Amino acid sequence: MLEIAVRSDTVDGDGREAIVHGDAIDTLGNDGVFFDPLWRIEVSLTETEQRLLRTWPVRRLAFIAHAGAASITTVQTYSRLEHSLGVLALVAHFASEDHPSRIAALLHDVGHLPFSHTLEGLAGLDHHRLTRQRITAIFAADVTLDSDAETIIALDDGSLPSALTAVHGGLKLDHLDSFLRSGQAHGRTRSAPHELLRRLRLRDGAVDADPVDVVELTDLAIGEAHAQRSAANLVPVAVMRGLVSRLLGTGALEPTVLAGRTDDELWSLLLSADETRVDAASLRRHPQHWYLRRHRDNSHGAPFSHVIRRSYLDLPMSDGQPTFDPRVDALQQDLPMRVSVQRTKGQAPVA
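What counts and what doesn't
Counting restarts for each chain, with residues numbered from 1 along the sequence as it is written. Predicted model: local features are reported for residues with pLDDT of at least 70 only, side-chain atom pairs are reported and counted for 80 or more only, and whole-chain, interface and lining totals are derived from all residues. Each side-chain value is derived from all of the structure's non-hydrogen atoms; neither hydrogens nor water enter the calculation. Starting at the N terminus, helices and strands are each numbered in turn, a helix being any DSSP run of H or I of at least four residues and a strand any DSSP run of E of at least two. As defined in this context, the radius of gyration uses C-alpha atoms, and a globule is described by 2.2 Å times the residue total to the power 0.38. Any residue under 20% of the maximum accessible area for its type is buried, any over 50% is exposed, and the rest in between are partly exposed; the area is computed with a 1.4 Å probe on protein chains only. In what follows, a contact means two residues having at least one pair of non-hydrogen atoms within 4.5 Å. Per-residue and other accessible areas were derived by the Shrake-Rupley procedure at a 1.4 Å probe size, with only the shown protein chains allowed to occlude residues. Within this scheme the basic residues Lys and Arg register as positive and the acidic residues Asp and Glu register as negative, but His and the chain ends are omitted. To locate a charge, take atom NZ for lysine, CZ for arginine, CG for aspartate or CD for glutamate. A pair of Phe, Tyr and Trp rings is counted when the ring centres sit within 6.5 Å of each other, with Trp represented by its six-membered ring. The angle between the planes then sorts it: under 30 degrees is stacked, over 60 is edge-to-face, the rest tilted. Comment: the charge-over-ring label is applied if NZ (Lys) or CZ (Arg) is within 6 Å of the ring centre and within 35 degrees of the ring normal. If DSSP finds at least two bridges between two strands, the strands pair. To get an axis, a line is fitted to the C-alpha atoms, and for a helix only the part in contact is used. The angle between two axes follows their N-to-C directions and goes from 0 to 180 degrees. Oblique is the label for any angle not covered by the other classes, which are roughly parallel (under 35 degrees), roughly antiparallel (over 145) and roughly perpendicular (65 to 115). Take the far helix as your reference; a near helix turned counterclockwise from it by less than a right angle gives a left-handed crossing, and one turned clockwise gives a right-handed crossing. Each residue is assigned to one class: nonpolar for Ala, Val, Leu, Ile, Met, Phe, Trp, Tyr, Cys and Pro, charged for Asp, Glu, Lys and Arg, and polar for all the others, Gly among them. Here, the term nonpolar core denotes a set of buried Ala, Val, Leu, Ile, Met, Phe, Trp, Tyr and Cys residues that are joined through side-chain atoms within 4.5 Å. The term salt bridge refers to a side-chain nitrogen of Lys or Arg lying within 4 Å of a carboxyl oxygen of Asp or Glu. Per residue, pLDDT captures the predictor's confidence, and it can take any value from 0 to 100. Polar contacts, as used here, are pairs of N or O atoms within 3.5 Å; protein pairs need one atom able to donate a hydrogen and one able to accept it. Residues neighboring in sequence count only if both atoms are side-chain atoms.

A. Up close: the overall build of the protein. For the protein, the helix and strand inventory stands at 14 helices and seven strands. In terms of overall dimensions, the protein is globule-like: its C-alpha atoms have a radius of gyration of 22 Å, near the 20 Å expected for 351 residues. By the burial criterion, 50% of the 351 residues in the protein qualify as buried. The long-range fraction of contacts in the protein, counting pairs at least 24 apart against all pairs at least 6 apart in sequence, stands at 70%. Roughly 16500 Å² of accessible area belongs to the protein as shown, and the carbon and sulfur atoms make up 50% of that amount. Side-chain charges in the protein split into 36 positive and 47 negative, and the spacing between the mean points of these groups amounts to 10 Å.

Below is the structure:
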């Protein structure tokens, strides 16, 4: 018989095996420490941060794909919670004693809809407004938390300057984590993120880098913009938006219910509702059966369509001065980008 020895420091007072930092990176703050594997930063969590990690609005982010519907067709499958913890780690790295900003970093995405930005704007839903509402609800439910909702909301929206706010423009820590985490997932990084981080500075909330690192960070921002304009992203985004719009239009799904769903809960509904089950199954099983077309105007009338109106292209500073790249201007001038998606002719729908 195989015998497994349990270390004495892994057992709590009730004799139950506890999660120990170093054996597995948990997202509950059980041992008072979070180690971010991308940035290689160890964060000693405050009591408030540990308690927030166990609330449902924060836990829910573990079931929301950061890449949105692109998680169906790409390897970018990490969650909003991983990203939020990454931003917390960056704030802890640059401003470890700024506890309100650390809380704001952890909570800055709690208002995201299922599949993140994919469904933004449907039925008037806005993740910034939902974030403010959920932060307010979190602090109302636990008045002993070490801060207050008004301060955290002000830090999140930038009305209070902090490590999260690029006062004079430029690359924020939120987008730094997004570009590096996405770049790592897609193989676009040249430097190991944790090594690059050692060379970066933070000036009035903006990432400041040496010229060589500015080039890499700019390339990552531009690579992210191109990825968001690719068929791998736009096909599932357009189809997912169209399917959810059907349910909202028939009353089969209420906006307030949609706002609180997780990705898997929404999938379950799409795959079971009469209005969406055939197309949802086709997208899930055979996304290659759908093709993308670009349009100059809105006259195409396709049931599955999408418009890209903005890209996140804030660039790092260098020695406190803004940096520029002509590719950014070209990408901005290409907006708005209108596309439609249809199933390939001759492909039978999934029963």
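B. Inspection of the packing of aromatic side chains at higher detail. Counted under the stated rule, the structure contains three aromatic pairs. Centroid distance W290 to F304: 5.4 Å. Interplanar angle 85°. Geometry classified as edge-to-face. Residue W290 is found in strand β5 (residues 290-295), and its partner F304 is found in the loop between β5 and β6 (305-308); the two are separated by 14 residues along the sequence. Here F304 falls in the buried class, since its relative accessible area comes to 5%. Stacked on the ring of W267, the Lys or Arg R284 has its end atom at 4.9 Å from the ring centre.

C. Structural context of the sheet that holds β6. Spatially, β5-β7-β6 is the arrangement adopted by the three strands of the open sheet, whose pairing is antiparallel. Edge positions in the sheet fall to β5 and β6, since each of these pairs with one other strand and no more. Strand-to-strand twist across the sheet, computed as the mean angle between neighbouring axes with direction ignored, equals 25°. Two strands pair when backbone bridges link them, and β6 and strand β7 (residues 337-343) are joined in this way by four bridges, in the antiparallel orientation. Counterpart to S305 in the pairing with β7 is S340.

D. Broad picture of unusual backbone geometry. For the bond from L335 to P336, the omega torsion is 0°, close enough to zero to count as cis. Positionally, P336 belongs in the loop between α14 (326-333) and β7. Despite not being glycine, A123 has its phi angle at roughly 55°, a positive value. Looking at where A123 falls in the secondary structure, it is placed in the loop between α4 (99-107) and α5 (127-141).

E. View of the packing of helix α9 (residues 211-228) against α14. Where α9 contacts α14, the two axes come as close as 10 Å, and the packing angle between them is 20°. Overall, the two elements α9 and α14 adopt an arrangement that is roughly parallel. Along this stretch, α9 crosses α14, giving a crossing that reads as left-handed. Every residue of α14 that contacts α9 at T218, D219, I222, A225 and H226 is listed here: R327, V328 and L331. Tallied by class, residues from the contact of α9 with α14 come to four nonpolar, two polar and two charged.

F. Here's a closer look at the nonpolar core. L107, F139, L176, L180 and L217 are the most contacted members of the largest nonpolar core, which has 54 residues in total. With residues up to four places along the chain from it excluded, the contact list for F139 reads I103, L107, L145, S147, D148, A149 and I152. Counting 29 residues, the second-largest nonpolar core is a separate cluster that includes L119, L253, A280 and V341.

G. Structural detail: the environment of Q332. Inspection of the secondary structure assignment puts Q332 in helix α14. Residues Q332 and A225, spaced 107 residues apart in sequence, show a C-alpha to C-alpha distance of 9.9 Å. Ignoring any residue separated from it by four or fewer positions in sequence, one finds Q332 in contact with S311 and L313.

H. The arrangement of the pattern of salt bridges in detail. Taken as a whole and judged by the stated rule, the model has 19 salt bridges. R181 is the partner of D177 in a salt bridge, and the nearest nitrogen-oxygen pair spans 2.8 Å. A residue pair is termed a helical-turn pair when its members lie 3 or 4 positions apart in one helix, as D177 and R181 do in helix α7 (residues 173-186) at four residues. Just as D177 is buried, R181 falls in that class too. Linking R294 and D334 is a salt bridge whose minimum nitrogen-to-oxygen distance equals 2.6 Å. In this pair, R294 is assigned in strand β5 and D334 in the loop between α14 and β7, connecting sequence segments 40 residues apart. Exposure remark for R294: the relative accessible area of 47% places this residue in the partly exposed category.

I. Structural detail: the confidence of the model for the protein. Per-residue confidence for the protein gives a mean pLDDT of 92; residues scoring 70 or more make up 91%. Of the regions scoring below 50 in pLDDT, residues 1-20 engages in 17 contacts with residues more than four places distant in sequence or in other chains.

J. Region of the structure containing the side chain of S101. One can find S101 in helix α4. A polar contact is formed between the side chain of S101 and the side chain of D98, at a distance of 2.7 Å. Sequence-distant contacts of S101, that is, excluding residues within four places in its chain, are made with V91, L155, S162, A163 and L164.

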